[in-house]
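Each chain is listed here by its residues.
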Amino acid sequence: VSLSTTTESTQAPHGTRVFSLSLLIVAALALPLDRAPGRAIGLSVASGVTLGLSGIFAKELANAPSLAAALTSMDLLLTLAANIVGFALMQGALQAGRGVVIVPIFSVLSNLVPIVGGILVFGEPMSGDGVAGLLRPLAIVLALGGAGLLGALGEIGVPLHADAHSPQDSAR
């Protein structure tokens, strides 16, 4: 689980703790954001950050020296907990808000957090040689930017709540 093609170990447990705690604070602070009907932005942000952190913990788990060490590590519990909490927050966001607003937000964040974590915590190189060095960052920016625009704009021209009229009422 790495952008790097080298086989050297990329463990950085202290950096993981600081990075994780910082993002958990961001997720907790995001929960009360934008509670307007149909827009569960806070839940979306918290779920995306938490699901992204599960990728960071899974990277730590993958770097365990043996299966026994992986099965007894705190990283296994953190990976499981982050996935469970992230999916619970995602489910809450989907129930409280509109999917066209919510899905792009947690999608962007759940992908952005492991990318940033790989670079900052594990020292993963962002660029490569030649064309790949140019296209990799561009692809990441375009994918995250497109999903972010979709979440920011939502459905253009569609009212937040549909009219309460049934098809039978309009026939009368």
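Small disclaimer: the values here were computed from a predicted structure and weren't measured.

**Student:** Tell me about a nonpolar patch on the surface, and name the residues and values.
**Tutor:** Residues V131, L134, L135, L138 and L142 make up a contiguous nonpolar surface patch of about 530 Å² in total accessible area. Tracing the backbone shows L134 in helix α6 (residues 130-153).

**Student:** I'd love a proper account of the packing of helix α2 (residues 41-62) against helix α4 (residues 74-96), names of residues and values included.
**Tutor:** Relative orientation of the contacting elements α2 and α4 amounts to 160 degrees, with a least axis distance of 8 Å. In terms of orientation, α2 lies roughly antiparallel with respect to α4. By crossing handedness, the relation of α2 to α4 is classed as left-handed. Grouping the amino acids of the contact of α2 with α4 by side-chain chemistry returns 15 nonpolar, eight polar and two charged.

**Student:** With reference to specific residues and values, describe the packing of aromatic side chains.
**Tutor:** Inspection of the entire model under this criterion finds zero aromatic pairs. Over the aromatic face of F122 sits the side chain of K59, whose NZ or CZ is 5.5 Å from the ring centroid.

**Student:** Residue-level account of the environment of L43, with values.
**Tutor:** Here L43 shows up in helix α2. Residues L43 and A27, 16 residues apart in the sequence, show an inter-C-alpha distance of 8.4 Å. Those residues in contact with L43, other than ones at most four positions away along the chain, are L31, L89, G92, A93 and A96.

**Student:** Would you mind going over the nonpolar core in detail, with residue names and values included?
**Tutor:** In this structure, F19, L23, V45, V49, L53, I105 and V113 are the most contacted members of the largest nonpolar core, which totals 19 residues. Taken together, the elements giving at least two residues each to this core come down to α1 (13-30), α2, α4 and α5 (99-120). Considering every element that reaches this core, the biggest residue donor is α2, with seven residues. Discounting chain neighbours no more than four positions away, the residues touching F19 are L53, I56, V113, V116, G117, L120 and V121. Counting six residues, the second largest nonpolar core, distinct from the first, contains L51, M90, I102 and F106.

**Student:** So, α2: which residues are in play, and what are the values?
**Tutor:** In this model α2 runs 32 Å from its N-terminal to its C-terminal C-alpha over 22 residues, within 8% of the 32 Å that 1.5 Å per residue would give. Here α2 lies mainly inside the structure; 18 of its 22 residues are buried.

**Student:** Lay out the packing of α2 against α5 in plain terms, naming residues and giving numbers.
**Tutor:** α5 packs onto α2 with a crossing angle of 35 degrees between their chain directions and a minimal axis gap of 7 Å. Viewed along their axes, α2 and α5 form a crossing whose handedness is right-handed. Mapping the contact onto sequence places I41, S44, V45, S47, G48, V49, L51, G52, L53 and I56 in α2 and V101, I102, I105, F106, L109, S110, V113, P114, G117 and G118 in α5.

**Student:** Account for the pattern of salt bridges, with residues named and values stated.
**Tutor:** Following the criterion strictly, the structure yields one salt bridge and no others. Notably, a salt bridge pairs E124 with K59, separated by 3.1 Å at the nearest N-O pair. Remark: K59 occurs in helix α2 and E124 occurs in the loop between α5 and α6; sequence separation between them is 65 residues. Accessibility classification places E124 together with K59 in one group, the buried group.

**Student:** Could you give me a rundown of the confidence of the model for the protein, with the residues and numbers involved?
**Tutor:** Detailed reading of predicted coordinates is not advised where the pLDDT is low. Confidence in the prediction for the protein averages 79 pLDDT; 77% of positions are at 70 or higher. Mean pLDDT values for the elements of the protein range from 52 in helix α7 (residues 167-171) up to 93 in α4. Note that residues 1-11 has pLDDT below 50 and, in this model, 16 contacts with residues that lie over four places away or in other chains.

Reading the values: rules and limits
Every chain is numbered independently, its residues counted from 1 as its sequence is written. Note on the predicted model: pLDDT of at least 70 is required for a residue's local features to be given, and 80 or more for side-chain atom pairs to be given and counted; whole-chain, interface and lining totals, by contrast, use all residues. Hydrogen atoms and water are omitted, and side-chain values are computed over all heavy atoms in the structure. Here, patches come from residues exposed beyond 30% relative accessible area and free of salt bridges, joined within 9 Å for like charges and within 5 Å for nonpolar side chains (Val, Leu, Ile, Met, Phe, Trp, Tyr). Computed with the Shrake-Rupley method and a 1.4 Å probe, the accessible areas treat only the protein chains shown as cover for residues. Just to be clear on terms, a salt bridge is a Lys or Arg side-chain nitrogen sitting within 4 Å of an Asp or Glu carboxyl oxygen. Helix and strand assignments come from DSSP, with helices taken as H or I runs of at least 4 residues and strands as E runs of at least 2, each series counted from the N terminus. Angular values range over 0 to 180 degrees, each being the angle between N-to-C directions of two axes fitted as lines to C-alpha atoms, with helices fitted over their stretch in contact. Any angle that falls under 35 degrees is termed roughly parallel, while one over 145 is termed roughly antiparallel, one within 65 to 115 roughly perpendicular, and all others oblique. Definitions for this section: a left-handed crossing has its near helix turned counterclockwise from the far helix by less than a right angle. A right-handed crossing has that turn clockwise. Any residue outside Ala, Val, Leu, Ile, Met, Phe, Trp, Tyr, Cys, Pro, Asp, Glu, Lys and Arg is labelled polar, Gly included; the first ten of those are nonpolar and the last four are charged. The pairing test for Phe, Tyr and Trp rings, Trp by its six-membered ring, is centres within 6.5 Å, and the orientation test on the planes gives stacked under 30 degrees, edge-to-face over 60, and tilted for anything in between. The criterion for a charge sitting over a ring is simple: Lys NZ or Arg CZ within 6 Å of the ring centre, and within 35 degrees of the ring normal. The contact criterion used throughout is that any non-hydrogen atoms of two residues lie within 4.5 Å. The nonpolar core is taken to be a set of buried Ala, Val, Leu, Ile, Met, Phe, Trp, Tyr and Cys residues, with the residues joined through side-chain atoms within 4.5 Å. Note on exposure labels: buried denotes an accessible area under 20% of the residue type's maximum, exposed denotes more than 50%, and partly exposed covers the range between, all computed with a 1.4 Å probe on protein chains only. To estimate how far a helix should reach, multiply one less than its number of residues by 1.5 Å. What pLDDT expresses is the predictor's confidence in each residue, scored from 0 to 100.

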